[in-house]
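# A structural walkthrough
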Amino acid sequence: SVNDELLAKEFLGDFNTRAMDVYSKSAFKAWDYNTNITEYNREQMVNSNLETAVFSKDMSGYANAFDQTGFTTDTKRQLDSIRYIGSAALPDEELEELENILSGMESRYSTGKPCEAGTCYSLEPDLTRIMATSHDYSELYWAWNAWRAEVGAPAREDYTRYVELKNQAAIANDQPDAGAYWRSYYEVDNLQEITEKLYDELQPLYEQLHAYVRRKLFNRYGADYINLRGPIPAHILGNMWAQSWSNLYDICEPFPGKQAVDITPALVEQNYDALRMFELSDEFFESLGLIKMPQEFWDHSMIEKPDDGRDVVCHASAWDFSNQVDFRIKQCTDITMDDFITIHHEMGHIEYYLQYKDLPVVYRGGANPGFHEAVGDVLALSVSTPKHLKEVGLIDEVVDDQEADLNFLMSIALDKISFLPFGYLMDQYRWGIFNGTTPESKFNEDWWKLRLRYQGIIPPTTRTEEDFDPAAKYHIPADVPYIRYFISFVLQFQFHETLCEAAGQTQELYKCDIYNSTDAGTLLANMLKMGSSKPWPEALDAIIGSTEISAQSLINYFQPLIDYLKEQNEMNGDTVGWAEMYTPKDPE
Ligand SMILES: O=C(CCC(O)(O)[C@H](Cc1ccccc1)NC(=O)c1ccccc1)N[C@@H](Cc1ccccc1)C(=O)O
Ligand SMILES: [Zn+2]
């Protein structure tokens, strides 16, 4: 083996040039498929991925040939990131099988359209709108079941083979299973302990919100469907996966009519379209002195669902074409507050791409995947404040008192606190499958055990192993890890706290809006510029001055609401938790 750092650096330079070319070609093929799902585009993408895998395998061989003794940390870090190549480590035949399974699962999910009485319903926007706006127990029941029948159960066979191939690839990358391989992105040997500790600290907040919301749903749907000491039926929480409950704001509002916080009506009234929503978001990023979206972004992004009958992957994503020029968002934007927030989330990914675009390709990633998910959400915390929404004309007046504050905190909690158990359980579930704890015979049973244990929800109707409900959530058939979002939801409040200090905002954290603060922007940008060139505690230290991830900032932010929820639950005589199992009545 070669112990020559000059040679290693020459190899790394050569790799960087060739990798940009190879990755760029396959990104454009993937873009063509994602924005126009056809058999031809699918095959083009699969073949391109197979070519990329040949390149990755070659490069991994070269990187492995170096004896790193005495090499600098940076050279070692770059070589190591080239050595581990994911599914490309599979033999050609297995890799092709996996690529076909992956694109097949993605197609099934993205083209799924359940039909009823001659009308067919897409997930976005049709079923999403029903789940968000309907108060009809049986209509919600239909949408919830129809989606799972269409894209869940049919994915089960593919998923079983997917698990085998993913584990085979992990072993070829010196990892015991695919879950261990995914966790290795975080470069710590105790990620499960870290996330479990965070969850234990946050669980009390969730169970207060759960009890409060259960009471409100009891008032709406009655004792036939809601048990005040039990779990909540999964289909009446305003979201297809019960992962964010902001669409229940109308029945959860602490002080009705005191302070409007839902801007969906205003967006529609003021004739906002997707482009104007994107421009408003970009303007916020620019106000911090961050890099604005380049012209290519505006020229080539797909920000609306095409109306020419094409099938597209509607689930939002942000793309880096590895050529330091092309950066795009693909989103089927609906004119809602939810989608306005998602725009910031996706633009946060693009901002990260722009900030690290001149680093070596191997360092063009988040400090850890949770960092990448947090960037846009941090800015959205400022954008969502009544103060900011008034400044951009989306609400008429700001009421500045305790009651208005609680209304606002409730609207944010219904997104952020409700998400925590879901963000936590998604990969608990998949880690359990990958390490063999959950056998194929219990794929659905174990899913609902976790959904009950962490979210306190139950299916509205009996589920069996004929079903495969996890596959009704994009990230499962799309092979996208999820613990990144749980970590992001904790990190984003630590970032928010620090950026608010940098912006000289001294009042309560939940009132802070960093708009126009280039001091805050600079602090954020300096961390983003690091990409994945250093272990994530160093990036965390660079922005917040500590290497520790902590739930304390999130708890501080919501403290007034937590007190309110405890008071309300006690006043209603409601016990927190969901110990009493029951079966909701079937809808008429
Ligand atoms: O899935 C997303 C947003 C899509 C995305 O931006 O995270 C996207 C997912 C994805 C899609 C295709 C392939 C891989 C990942 N991720 C990115 O576009 C992305 C990922 C890593 C780096 C840069 C961009 N959000 C999650 C969780 C979430 C986050 C924030 C608010 C609400 C909900 C969800 O909807 O369940
Ligand atoms: Zn994201």
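Use the structure listed above.
As the structure is a computational prediction, the values presented were derived from the model and not from experiment. (Residues numbered from 1 in each chain as written. Chains lettered and ligands numbered in written order. Predicted model: local features only at pLDDT ≥ 70, side-chain atom pairs only at ≥ 80, totals over all residues. Heavy atoms only, no water.)

### A word on the overall build of the protein chain
Tallying secondary structure elements over the protein chain gives 22 helices and six strands in all. Over its C-alpha trace the protein chain gives a radius of gyration of 24 Å, about what one expects of a compact globule, namely 25 Å for 588 residues. Along the first, second and third principal axes, the C-alpha set of the protein chain runs to 70 × 55 × 50 Å. When the 588 residues of the protein chain are sorted by exposure, 60% land in the buried category. Taking as baseline every contact in the protein chain between residues at least 6 positions apart, the subset at least 24 positions apart corresponds to 77%. Counting every atom, the protein chain has about 23000 Å² of accessible surface; 48% of that belongs to carbon and sulfur. (Helix = DSSP H or I, 4+ residues; strand = E, 2+ residues; numbered from the N terminus. Rg over C-alpha atoms; globule rule 2.2 N^0.38 Å. Buried < 20%, exposed > 50% of the residue type's maximum accessible area, 1.4 Å probe, protein only. Contact = heavy atoms within 4.5 Å. Areas by Shrake-Rupley, 256 points an atom, 1.4 Å probe, with all protein chains shown as cover.)

### What to know about the pairing of strand 4 (residues 317-320)
Of the pairings in the sheet, the one linking strand 4 to strand 5 (residues 327-330) comprises four bridges and is antiparallel in character. Following the sheet pairing, D320 is matched in strand 5 by F327. Hairpin remark: strand 4 followed by strand 5, antiparallel, with six residues in the connecting loop; positive phi at S322, about 60°. (Pairing = 2+ DSSP bridges.)

### Overview of empty space enclosed by the protein
Considering all chains together, one arrives at five cavities of 30 Å³ or more under this definition. The calculated volume of the largest cavity comes to roughly 70 Å³. Taken together, L280, S281, E283, F284, F340, H344, V383, H388, L389, V392, L394 and Y515 make up the full set of residues lining the largest cavity. Those elements that provide at least two residues to the lining of the largest cavity are helix 12 (274-287), helix 14 (337-355) and helix 16 (386-391). Of the residues that constitute the lining of the largest cavity, the class distribution is eight nonpolar, three polar and one charged. (1 Å grid on protein atoms, 1.4 Å probe; cavity = no way out; pocket = protein on both sides within 12 Å on 5 of 7 lines; lining within 4 Å. Points joined across faces, edges and corners; volume = space filled by probe spheres on them. Nonpolar A, V, L, I, M, F, W, Y, C, P; charged D, E, K, R; others polar.)

### Digging into the coordination of the zinc ion (ligand 2)
Coordination of the zinc ion (ligand 2) by the protein involves H345 (NE2), H349 (NE2) and E373 (OE), with metal-donor separations of 1.9 to 2.0 Å. Between consecutive donor residues of the zinc ion (ligand 2), the sequence gaps follow H-x3-H-x23-E. Taken together, the positions of H345 and H349, both in helix 14 and four residues apart, correspond to about one turn of that helix. Exposure remark for H349: the relative accessible area of 9% places this residue in the buried category. (Donors = N, O, S within 2.8 Å, 3.2 Å for Na, K, Ca; no water.)

### Some remarks on the layout of surface pockets
Here the second largest pocket is characterised by a volume of approximately 310 Å³. Contributions of two or more residues to the lining of the second largest pocket are made by helix 9 (191-221), helix 17 (402-434) and helix 18 (443-455).

### Section: the site of ligand 1
By nearness alone, 20 residues border ligand 1, and H315, E346, K473, Y482 and Y485 come closest of all. For ligand 1, an oxygen atom lies 3.2 Å from a polar atom in the side chain of E373. One nitrogen or oxygen atom from the side chain of K473 is found 2.8 Å from an oxygen atom belonging to ligand 1. When ligand 1 sits alone it has 740 Å² of accessible area, and the protein chains cover 77% of it. Here the shell around ligand 1 is composed, by residue class, of nine nonpolar, seven polar and four charged. (Near = heavy atom within 4 Å. Polar contact = N/O pair within 3.5 Å; in protein donor to acceptor, adjacent residues only side chain to side chain.)

### So, the packing of aromatic side chains
Considering all chains together, one arrives at 48 aromatic pairs under this definition. Measuring from centroid to centroid gives 5.2 Å for Y159 and F468, while their planes differ by 50°, and the two rings are tilted. A residue pair is termed long-range when its members are at least 10 positions apart, and Y159 in helix 7 (residues 156-172) and F468 in the loop between strand 6 (457-458) and helix 19 (483-502) qualify at 309 residues. Considered together, Y159 and F468 belong to a single accessibility category, that of buried residues. Arranged with centres 5.3 Å apart and planes meeting at 50°, the rings of Y352 and Y356 form a pair that is tilted. Accessibility assignment for this pair places Y352 and Y356 in one class, buried. An aromatic cluster of at least three residues, connected via ring pairs, comprises F11, F15, Y23, F55, Y62, F66 and F71. Taking NZ or CZ as reference, R183 lies 4.9 Å from the ring centre of W431, over its face. (Phe/Tyr/Trp six-rings, centres within 6.5 Å; stacked < 30°, edge-to-face > 60°. Lys NZ or Arg CZ within 6 Å of the ring centre and 35° of its normal.)

### Side note on the side chain of S122
Mapping S122 onto the fold places it in the loop between strand 2 (119-120) and helix 5 (123-133). Discounting residues that sit within four places of it in the chain, S122 has contacts with G112, K113, L127 and K305.

### Some details on helix 6 (residues 137-151)
Here helix 6 is 15 residues long and its end C-alpha atoms lie 22 Å apart, about the 21 Å a rise of 1.5 Å per residue gives. Regarding helix 6, the residues found buried are Y137, L140, Y141, A143, W144, N145, A146, W147, R148 and V151. Structurally, helix 6 contributes buried residues whose contacts are with helix 4 (92-111), helix 5, helix 9, strand 3 (232-233) and helix 18. (Expected span 1.5 Å × (residues − 1).)

### Focus: the pattern of salt bridges
For the coordinates displayed, the defined rule picks out 31 salt bridges. Across the salt bridge formed by R161 and E97, the nearest N and O atoms sit 2.7 Å from each other. Of the two residues, R161 sits in helix 7 while E97 sits in helix 4, which places them 64 residues apart along the sequence. Here D401 and K258 are joined by a salt bridge, their closest N and O atoms 2.8 Å apart. With D401 in the loop between helix 16 and helix 17 and K258 in the loop between helix 10 (249-252) and helix 11 (264-269), the pair connects residues that are 143 residues apart, well separated along the chain. Taken together, the shared-partner salt bridges in this structure form one network comprising E97, R161 and E164. (Salt bridge = Lys/Arg side-chain N within 4 Å of Asp/Glu carboxyl O.)

### Things to note about the state of the cysteines
What the rule picks out here adds up to three disulfides. C115 shares a disulfide with C120; S-S distance 2.0 Å. Because the sign of the S-S torsion sets the handedness, a value of about 100° for the bond joining C115 and C120 places this disulfide among the right-handed ones. Residue classification places C115 among the partly exposed positions, given a relative accessible area of 46%. Between the sulfur atoms of C314 and its disulfide partner C332 the distance amounts to 2.0 Å. Since a negative S-S torsion denotes a left-handed disulfide, the C314-C332 link at about -90° is left-handed. With C314 in the loop between helix 13 (295-300) and strand 4 and C332 in the loop between strand 5 and helix 14, this pair connects stretches of sequence that are 18 residues apart. One exposure class covers both C314 and C332, and it is buried. The connectivity of the disulfide-linked cysteines in the protein chain, indexed sequentially, is 1-2, 3-4, 5-6. (Disulfide = S-S within 2.5 Å.)

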